[in-house]
Every structure is written in structure tokens, then in C-alpha cells.
Amino acid sequence: MSTENLPQNPEQPPRKPRVAVVFGGRSSEHGISVVTAGAVLKAIDRTKYDVLPIGITQDGRWALTADEPERMAIVDRRPPSVDLLAESAEGAVILPVDPASREVVYSEPGSVPKALGEVDVVFPVLHGPYGEDGTLQGLLELSGVPYVGSGVLASAVGQDKEYMKRVFTSFGLKVGPYVVIRPREWEHDETAARKKIVDFAGEYGWPLFVKPSRAGSSIGITKVDDLSGLDEAIAEAQRHDPKILVEAALRGREIECGVLEFEDGPRASLPAEIPPPEAQAYYDFEAKYIDSTPGLVPAPLTPEETAEVQRLAVDAFDAASCEGLVRADFFLTEDGEFVINEINTMPGFTPISMYPQMWHASGVSYPELIDLLVQAALRRSTGLR
């Protein structure tokens with residue numbers, strides 16, 4: 001679906017496509033999603049698009065929010081929340097359930113529901129479970145509303161680090177050593193599950209990285225240097241996801257590369273390098289969003305290395321059947337091999353996020369990036385494709 005195919009009244013001037021920016025959500029990445037939405041709302045071309053901000057509170061209520069990007073920023077090291085932006089503590093936004101209609105309705109207790117107009121495309125800047133993992137994408141497919149980014153399968157694969165690695169391996173992409181502890185294993189026999197990790201450490205050595213299998217923004221991840229820190233790391237990961245992933249430490253440089261869908265297919269950006277942060281043990285949440293550890297854009301790679309990581313990023317995009325955008329994260333090991341760590345199907349879009357920075361260095365400005373993503377969504381239909 002293109003802009004020209006939007007419903008028009010011949011007696012009225014052509015209307016602009018209406019973009020619903022959906023943000024917040026129930027995951028532990030709620031605050032970062034709000035920050036991302038603020039950046040998108042500030043940069044989207046209002047002469048080209050009408051915009052409807054919709055926030056999802058941490059308890060799952062869809063709220064009509066103020067269109068005030070300046071209020072969606074980290075203040076005093078505290079991320080913002082949808083509850084502080086919602087126009088009502090009880091009102092709820094309701095998406096259409098009939099694919100023949102894209103009318104969005106706002107309802108408050110004791111009041112007549114109010115029509116907010118049709119939505120032509122949803123820009124879901126949600127991170128983590130209940131938004132980036134295919135759940136919201138499935139809802140939008142049922143509603144028949146086009147949306148920015150990957151579909152149900154790719155979003156689910158991109159969220160679950162275990163199955164992401166399995167998919168990459170099946171397509172010939174190299175991943176690092178890992179072991180998974182599922183909730184049933186832990187509930188059935190904690191001792192055996194812990195021994196599984198200890199045996200893994202015996203094979204690959206310390207340190208290990210213990211992380212939630214289905215979370216992002218480096219939330220819930222602990223670098224474990226020896227056995228004494230293992231139980232605390234497991235508990236921290238399980239606070240965010242009952243399934244945990246344990247990875248061997250890979251020694252090498254952290255390299256990221258953006259992939260963006262153009263009309264002729266996906267292309268890769270110039271890559272970036274994430275230098276080791278000075279104050280943190282690794283590139284964790286604090287380094288990413290609070291202390292703003294700067295990345296090197298473009299990464300100081302040889303032309304051959306740059307071409308190789310760009311090729312691998314597009315291969316990862318295709319392997320997971322992604323659409324729209326992806327940030328692919330790699331390690332460049334000491335022997336010169338790229339090992340893929342993960343992909344993000346909805347990477348951070350904050351002003352300091354690496355994905356926009358890489359595309360800016362590649363000649364695509366922030367507003368142009370948003371426009372390309374919205375146009376790609378408008379070209380696609382929902383359903384099987």
C-alpha cells in the first residue's frame with residue numbers, strides 16, 4: 001500500500017497518512033521505549049504525516065497520551081513512563097477488531113466512546129516482551145493495520161535469543177557457545193540445572209554472561225567471573241524471564257551494523273564499534289542509556305572487514321525473515337572472524353542510539369530514516385507475504 005492508495009474523498013484535498021506511534025509497554029524496557037517514542041515524535045515529518053501517540057502502561061492499558069516529546073526524556077537518571085503522559089488514569093484506546101475498518105476509538109468510564117479517526121500505519125517503538133516479540137504484531141495482523149518492522153515470526157525469533165541462535169546456525173552464521181536453562185529444568189531440579197552451567201564453565205572458562213533469554217537493552221544481564229556470583233546472576237536474569245541463557249565470553253571487538261529495507265531490498269549501513277566502557281564491566285544498560293558511552297561511527301575496520309560485516313548483517317536479516325529494520329550485533333574475534341551475537345528487530349531510536357547514528361553516517365538522516373520505515377510499512381499488506 002502506498003501513500004497514493006490511501007482512501008480519498010474527491011471533494012477534499014488528499015489527506016496525509018496517519019501514523020500511530022505506540023510505545024511504553026509491559027516489559028522492563030518500558031522507559032527506554034518512551035524515550036525512543038519521544039525522539040520519533042520529535043523528528044517525524046508533520047507536513048507529511050498526521051501522528052497519534054498511544055502509550056501502553058506497564059499494566060497493559062492502552063492510553064491516549066500527550067504529543068509532547070520533550071516530556072519523554074531521561075531526567076535525573078530516571079526513565080519516563082506512560083502513566084505520567086496519559087491524558088486520563090482510566091481512559092483506554094481501542095484498536096479496530098474488524099480488518100475492514102481502521103477506526104481507533106477512545107473510551108472512558110461513564111462517557112460515550114470517542115472516535116479518533118482511522119490509522120493507516122502503526123509505528124510500534126516497543127522493546128522487549130509484549131511488543132517487540134510478535135505479540136503486538138499478531139494483534140495488528142488480526143486488525144489488518146500495516147505496521148513498521150518485522151512480522152510475527154521474525155519478531156518472535158528476534159526476541160528469543162535461544163531460537164535466534166538456532167536459526168542463525170541453520171543458515172550457516174557463526175554464533176558463540178551458549179547453554180539454555182528452561183524454567184521446567186530449574187523448577188524440577190535446581191542442582192542439576194546449576195551443574196549444567198558449571199559444566200559449561202568448565203568447558204569454556206570464566207567469565208560467563210548470564211542473561212534473560214527474552215529481554216533487551218542489556219537489562220538483567222550479569223557478567224559472572226567465578227562460581228561465587230552465579231546464583232545471584234541467575235536470580236537477576238529470572239526476574240525478567242524464567243528462561244535464561246548463559247554465554248561464554250568472546251574476546252574481541254563489539255561491532256554493530258544496521259539493516260534498512262529499501263524498495264529494492266535490504267541494505268546495510270556503515271558499521272559501528274562499541275569500545276569497552278570505562279565505568280562498567282561491559283556495555284550494560286547504564287553505559288547505553290545513562291552514561292551514554294559513545295560508539296565509533298564508522299567503525300575503524302578495513303574495507304574488507306566492513307564489506308564482510310555488512311554482508312553478514314543482511315544475511316541475518318534474511319535468515320530470520322525480517323522486514324523494515326534490524327540492528328545486528330557481532331564480535332570480531334582475535335582471529336579475524338565475525339561471530340553474530342544477536343539481532344534487534346526494533347533497536348533503540350533514542351538520539352544516542354547506534355542504529356540512527358550508523359544510518360546518519362551512511363547518508364540517511366533521522367527524519368529520512370523514519371520516513372523510509374513508514375513508507376516500507378505502507379507498501380506492505382498484512383497477512384501472509
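Refer to the structure above for everything that follows.
These numbers come from a predicted model, not from an experiment. (Residues numbered from 1 in each chain as written. Predicted model: local features only at pLDDT ≥ 70, side-chain atom pairs only at ≥ 80, totals over all residues. Heavy atoms only, no water.)

Caption draft 1: Looking closely at the environment of Leu41. Relative to the elements of secondary structure, Leu41 occurs in helix H1 (residues 30-43). The class for Leu41 is buried, based on a relative accessible area of 1%. Each C-alpha atom, one on Leu41 and one on Glu132, is 19 Å from the other, the two residues being 91 residues apart in sequence. Here Leu41 is in contact with Val21, Arg46, Val51, Pro53, Asp67, Pro69 and Met72, once residues within four sequence places are set aside. (Helix = DSSP H or I, 4+ residues; strand = E, 2+ residues; numbered from the N terminus. Buried < 20%, exposed > 50% of the residue type's maximum accessible area, 1.4 Å probe, protein only. Contact = heavy atoms within 4.5 Å.)

Caption draft 2: Molecular detail of the sheet that holds strand S7 (residues 121-124). Taken in spatial order, the 4 strands make up an open sheet running S3-S2-S1-S7, and their pairing is mixed. Each edge of the open sheet is held by one strand with a lone partner, namely strand S3 (62-64) and S7. Averaged over neighbouring strand pairs, the angle between their axes works out to 30 degrees when direction is ignored. The sheet contact formed by strand S1 (residues 18-24) and strand S2 (residues 50-56) spans 7 bridges and is parallel. Within the sheet, the bridge partner assigned to Gly24 lies in S2 and is Ile56. Lying over the sheet, H1 contacts S1, S2 and S7, oriented at roughly 155 degrees with respect to S1. Each of S1 and S7 touches helix H11 (residues 366-379); the most contacted strand, S7, lies at about 130 degrees to it. (Pairing = 2+ DSSP bridges. Axes fitted to C-alpha atoms, helices over the stretch in contact; angles between N-to-C directions.)

Caption draft 3: Structural detail: the pattern of salt bridges. Tallying each qualifying case throughout the model produces 29 salt bridges. Here Arg15 makes a salt bridge to Asp120, at a shortest N to O gap of 2.7 Å. A residue pair is termed long-range when its members are at least 10 positions apart, and Arg15 in the segment before S1 and Asp120 in the loop between strand S6 (114-118) and S7 qualify at 105 residues. Of the charged contacts, one joins Asp371 and Lys48 as a salt bridge, the two residues approaching to 3.0 Å between their closest N and O atoms. Residue Asp371 is found in helix H11, and its partner Lys48 is found in the loop between H1 and S2; the two are separated by 323 residues along the sequence. (Salt bridge = Lys/Arg side-chain N within 4 Å of Asp/Glu carboxyl O.)

Caption draft 4: Looking closely at the side chain of Asp133. Looking at where Asp133 falls in the secondary structure, it is placed in the loop between S7 and helix H2 (135-143). For the buried residue Asp133, which engages in no salt bridge, the nearest side chain bearing the opposite charge is Arg214, 7.5 Å off. Separated by 3.1 Å, the side chain of Asp133 and the backbone nitrogen of Tyr130 make a polar contact. Here Asp133 is in contact with Gly128, Ser155, Ala156 and Gln159, once residues within four sequence places are set aside. (Lys, Arg positive; Asp, Glu negative; His and termini not counted. Polar contact = N/O pair within 3.5 Å; in protein donor to acceptor, adjacent residues only side chain to side chain.)

Caption draft 5: The sheet that holds strand S9 (residues 208-212), seen in detail. If you walk across this open sheet you meet the 4 strands as S8-S11-S9-S10, and the pairing is antiparallel. The two strands at the open ends of the sheet, each matched to only one other strand, are strand S8 (178-181) and strand S10 (222-224). Taking each pair of neighbouring strands and ignoring which way they run, the sheet shows an average axis angle of 25 degrees. Helix H6 (residues 190-204) contacts S8, S9 and strand S11 (244-248) of the sheet and is inclined by roughly 175 degrees relative to S8.

Caption draft 6: Region of interest: the packing of aromatic side chains. Applying the stated criterion across every chain yields a total of 6 aromatic pairs. Between Phe123 and Phe349, the aromatic rings sit 6.2 Å apart at their centres with planes inclined by 85 degrees, giving edge-to-face as the arrangement. Note that Phe123 is positioned in strand S7 and Phe349 in the loop between strand S16 (338-344) and helix H10 (354-361), a separation of 226 residues in sequence. Here Phe123 falls in the buried class, since its relative accessible area comes to 0%. With a centroid separation of 4.9 Å and 45 degrees between ring planes, the pair formed by Phe200 and Tyr204 is classed as tilted. With Phe200 and Tyr204 both in helix H6 and 4 residues apart, the pair spans about one turn of that helix. (Phe/Tyr/Trp six-rings, centres within 6.5 Å; stacked < 30°, edge-to-face > 60°.)

Caption draft 7: Geometry of empty space enclosed by the protein. Taken as a whole, this structure holds 2 cavities of 30 Å³ or more when the rule is applied. When its volume is computed, the largest cavity comes out at roughly 60 Å³. Lining the largest cavity we find Pro124, Leu126, Gly131, Glu132, Gln137, Val148, Gly149, Ser150, Ser155, Thr345 and Met346. Broken down by class, the residue content of the lining of the largest cavity amounts to 4 nonpolar, 6 polar and 1 charged. Roughly 40 Å³ of internal volume is contained in the second largest cavity. (1 Å grid on protein atoms, 1.4 Å probe; cavity = no way out; pocket = protein on both sides within 12 Å on 5 of 7 lines; lining within 4 Å. Points joined across faces, edges and corners; volume = space filled by probe spheres on them. Nonpolar A, V, L, I, M, F, W, Y, C, P; charged D, E, K, R; others polar.)

Caption draft 8: Fine view of the packing of helix H3 (residues 152-159) against helix H4 (residues 161-170). Viewed as axis vectors pointing N to C, H3 and H4 meet at an angle of 110 degrees, and their least axial separation amounts to 5 Å. Between H3 and H4, the crossing angle belongs to the class labelled roughly perpendicular. Note on element contacts: H4 touches H3 through Lys161, Tyr163, Met164 and Val167, opposite Val157, Gly158 and Gln159. Each residue belonging to the contact of H3 with H4 can be placed in one class, and the counts come to 4 nonpolar, 2 polar and 1 charged. (Parallel < 35°, antiparallel > 145°, perpendicular 65-115°, else oblique.)

Caption draft 9: Structural context of the environment of Ala92. Note that Ala92 resides in strand S4 (residues 92-94). In the structure, Ala92 is positioned 15 residues away from Ser107 in sequence and 5.4 Å away in space, judged by C-alpha atoms. Those residues in contact with Ala92 that lie beyond four places of it in its chain are Arg61, Trp62, Val105, Tyr106 and Ser107.

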